[in-house]
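Structure at a glance
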Amino acid sequence: QVQLVESGGGLVQAGGSLRLSCAASGSTFSNYYMGWFRQAPGKEREFVAAIRRGGGSTYYADSVKGRFTISRDNAKNTVYLQMNSLKPEDTAVYYCAADRSYWTSSYYANAAYEYDSWGQGTQVTVSS
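Predicted model, so just to flag it, every value in this text is computed and none were measured.

What counts, and at which threshold
Residues numbered from 1 in each chain as written. Predicted model: local features only at pLDDT ≥ 70, side-chain atom pairs only at ≥ 80, totals over all residues. Heavy atoms only, no water. Helix = DSSP H or I, 4+ residues; strand = E, 2+ residues; numbered from the N terminus. Rg over C-alpha atoms; globule rule 2.2 N^0.38 Å. Buried < 20%, exposed > 50% of the residue type's maximum accessible area, 1.4 Å probe, protein only. Contact = heavy atoms within 4.5 Å. Areas by Shrake-Rupley, 256 points an atom, 1.4 Å probe, with all protein chains shown as cover. Lys, Arg positive; Asp, Glu negative; His and termini not counted. Charge placed at Lys NZ, Arg CZ, Asp CG, Glu CD. Disulfide = S-S within 2.5 Å. Pairing = 2+ DSSP bridges.

Our next topic: the overall build of the protein chain. Along the protein chain, the regular secondary structure elements total zero helices and 11 strands. Secondary structure elements of the protein chain, listed N to C terminal, follow the sequence β-β-β-β-β-β-β-β-β-β-β. Relative to the 2.2 N^0.38 estimate, which gives 14 Å for 128 residues, the radius of gyration of the protein chain is 14 Å and therefore close to what a compact globule would have. Once the C-alpha set of the protein chain is aligned to its principal axes, its extents read approximately 40 × 30 × 25 Å. Burial statistics for the protein chain: of 128 residues in total, 45% are counted as buried. Taking the contacts inside the protein chain whose residues are at least 6 apart along the sequence as the reference set, 60% of them involve residues at least 24 apart. When the accessible surface of the protein chain is totalled, it reaches about 6,300 Å², and 46% of it is carbon and sulfur. A gap of 5 Å separates the mean positions of the 12 positive and 10 negative side-chain charges of the protein chain.

Shown next as C-alpha cells:
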C-alpha cells in the first residue's frame, strides 16, 4: 500500500495562490490514480480533483474548475494541486488519496470511499 504525505498548505489572502504537493512512497506510484479531497469544519469530505495514472486526463469539482490544476510527476512520485484565485470558502484540510483499482476510459473516482490510501492532510486557510 502506498504511503502519502501532503505539504504546501498555509494561510493566504483571498485571490492568492498555493501549491500543494503529495509525496508517495512504498509502492509503484504510476499504478495509482490520484485524487485531492478537502474537508471543512463540520462538513463532509468532498472531491476536489483527480488525475489518471499517466496524467493524461484530469477531473475537477465544479467549485474549483478553472482555478485549480492537478498534475503529477511519476518520476518524482508526486502529485500536485495548484490553487489560484483562492476564496475563503476554499478553507479546509486538503487530503491526497490513491486508488489502485482500474478506471475505464469514461470513469473516474470522485467519492472518498473509492480511494484506498490517504495522507494526513494539510491545512489551507484563505482570509478575506
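With that out of the way, let us pick up the state of the cysteines. All chains considered together, the criterion is met by one disulfide. Linked covalently through their sulfurs, Cys22 and Cys96 form a disulfide whose S-S length is 1.9 Å. Note on the Cys22 and Cys96 pair: the S-S dihedral is about 45 degrees, so by sign convention the disulfide is right-handed. Of this pair, Cys22 sits in strand 3 (residues 18–25) while Cys96 sits in strand 9 (residues 92–99), placing them 74 residues apart in sequence. Cys22 gets classed as buried once you look at its relative accessible area, which sits at 0%.

Residues in a regular strand point their side chains to alternate faces of the sheet. Side chains Phe68, Ile70 and Arg72 of strand 7 (residues 68–73) all project onto a buried face; the interleaved residues Thr69, Ser71 and Asp73 project onto a face where none is buried. Sheet topology places strand 7 next to strand 8 (residues 78–83); six bridges connect them, and they run antiparallel. From the neighbouring strand, Ile70 faces strand 8, where its bridge partner is Leu81. Linkage of strand 7 to strand 8, two consecutive antiparallel strands, is achieved through a turn of four residues, within which Asn77 is found at a positive phi near 55 degrees.

On to the environment of Ala24, then. Here Ala24 lies in strand 3. Separated by 22 residues in the primary sequence, Ala24 and Val2 place their C-alpha atoms 6.4 Å from one another. For Ala24, the contacting residues outside a window of four places in its chain are Val2, Gln3, Leu4, Phe29 and Asn77.

Another aspect to go through is unusual backbone geometry. With a phi angle near 55 degrees, Asn77 is a residue other than glycine that sits in the positive phi range. The exposure class of Asn77 is partly exposed, given its relative accessible area of 28%. Positive phi is not limited to glycine here, since Ser85 has a value of about 50 degrees. Mapped onto the secondary structure, Ser85 falls in the loop between strand 8 and strand 9.

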